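Commentary on secondary and tertiary structure
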Amino acid sequence: MALRGGTRFAVRCEDVFPAGCALVPESLGEVEDYDEKTGRRTPAKDKVTGQRVWQVRVMDLDPELGKRSRETTVKISADVQPVPPTGVPFEAVEFDGMTVTPYVANNGRMAYSLRATGMRAPAGVTRDPSLAAA
């Protein structure tokens, strides 16, 4: 079986973040593509879905990570900017439609990128009513 570069594999959020994850405050933003010929930046589009791409930094809450880096980025393909589910700093989130794309980094080591189609509060967590207008 041959795999092409950029192959996305479906994964469950609980398999990627078995102890959960939390949003890094103020980290949600739009991904931009840079055109070297014109020097212009434009909103990035997902090569598979054609939707705009947003990214958010999260902290992996797995205690087995020890002193290793806990922060990673998840890119979200959506027509409109996703909204953090509860609006509080370091809120717990879960991702829908997650995929992982393995690749070999410039240093020759195995790496991977994470994508999702949306984010939501974990089961049982509701949005703070005082933040309804946010």
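Each chain carries its own residue numbering, running from 1 in the written order of its sequence. In keeping with the predicted nature of the model, local features appear solely for residues at pLDDT of at least 70, side-chain atom pairs appear and are counted solely at 80 or more, and the whole-chain, interface and lining totals rest on all residues. Computation of side-chain values covers all heavy atoms of the structure but excludes hydrogens and water.

1. Comments concerning the side chain of Glu91
Within the secondary structure, Glu91 sits in the loop between strand S7 (71-77) and strand S8 (92-96). Within 3.5 Å is the distance limit for a polar contact, defined as a pair of N or O atoms, with the added protein rule that one can donate a hydrogen and the other accept it, and that residues adjacent in sequence qualify only through two side-chain atoms. Reaching out from Glu91, the side chain makes a polar contact with the backbone nitrogen of Gly87 at a distance of 3.3 Å. We call two residues in contact whenever any of their non-hydrogen atoms come within 4.5 Å of each other. Among residues more than four places away in sequence, those in contact with Glu91 are Cys21, Ala22, Leu23, Pro84, Pro85 and Thr86. Counting from the N terminus, the helices are DSSP H or I runs at least four residues long and the strands are E runs at least two residues long.

2. A short note on unusual backbone geometry
Notably, Glu26 is not glycine yet its phi reads approximately 60°, a positive angle. Structurally, the position occupied by Glu26 is in the loop between strand S2 (21-23) and strand S3 (29-30). Glu26 gets classed as exposed once you look at its relative accessible area, which sits at 85%. Unlike most non-glycine residues, Phe90 shows phi in positive territory, near 55°. Relative accessible area decides the class of each residue, using a 1.4 Å probe on protein chains only: under 20% of the type maximum gives buried, over 50% gives exposed, and in between gives partly exposed.

3. Remarks on the environment of Val24
Structurally, the position occupied by Val24 is in the loop between S2 and S3. On the accessibility criterion, Val24 (11% relative accessible area) is buried. Taking the C-alpha atoms as reference, Val24 lies 9.7 Å from Ala92; in sequence the two are 68 residues apart. For Val24, the contacting residues outside a window of four places in its chain are Arg57, Val58, Met59 and Glu71.

4. Considerations on the pattern of salt bridges
Salt bridges, as used here, are contacts in which a Lys or Arg side-chain nitrogen is within 4 Å of a carboxyl oxygen on Asp or Glu. As enumerated under the stated definition, the model contains eight salt bridges in all. The partner of Arg12 in a salt bridge is Glu14, and the shortest N-O contact between them spans 3.3 Å. With a closest N to O distance of 2.4 Å, Arg120 and Glu94 form a salt bridge. Of the two residues, Arg120 is situated in strand S11 (residues 118-120) and Glu94 in strand S8; the sequence distance between them amounts to 26 residues. By relative accessible area, Arg120 is classed as partly exposed at 34%. According to the relative accessible area criterion, Glu94 is partly exposed, its value standing at 26%. A network of salt bridges, in which partner residues are shared, links Arg8, Asp46 and Arg115.

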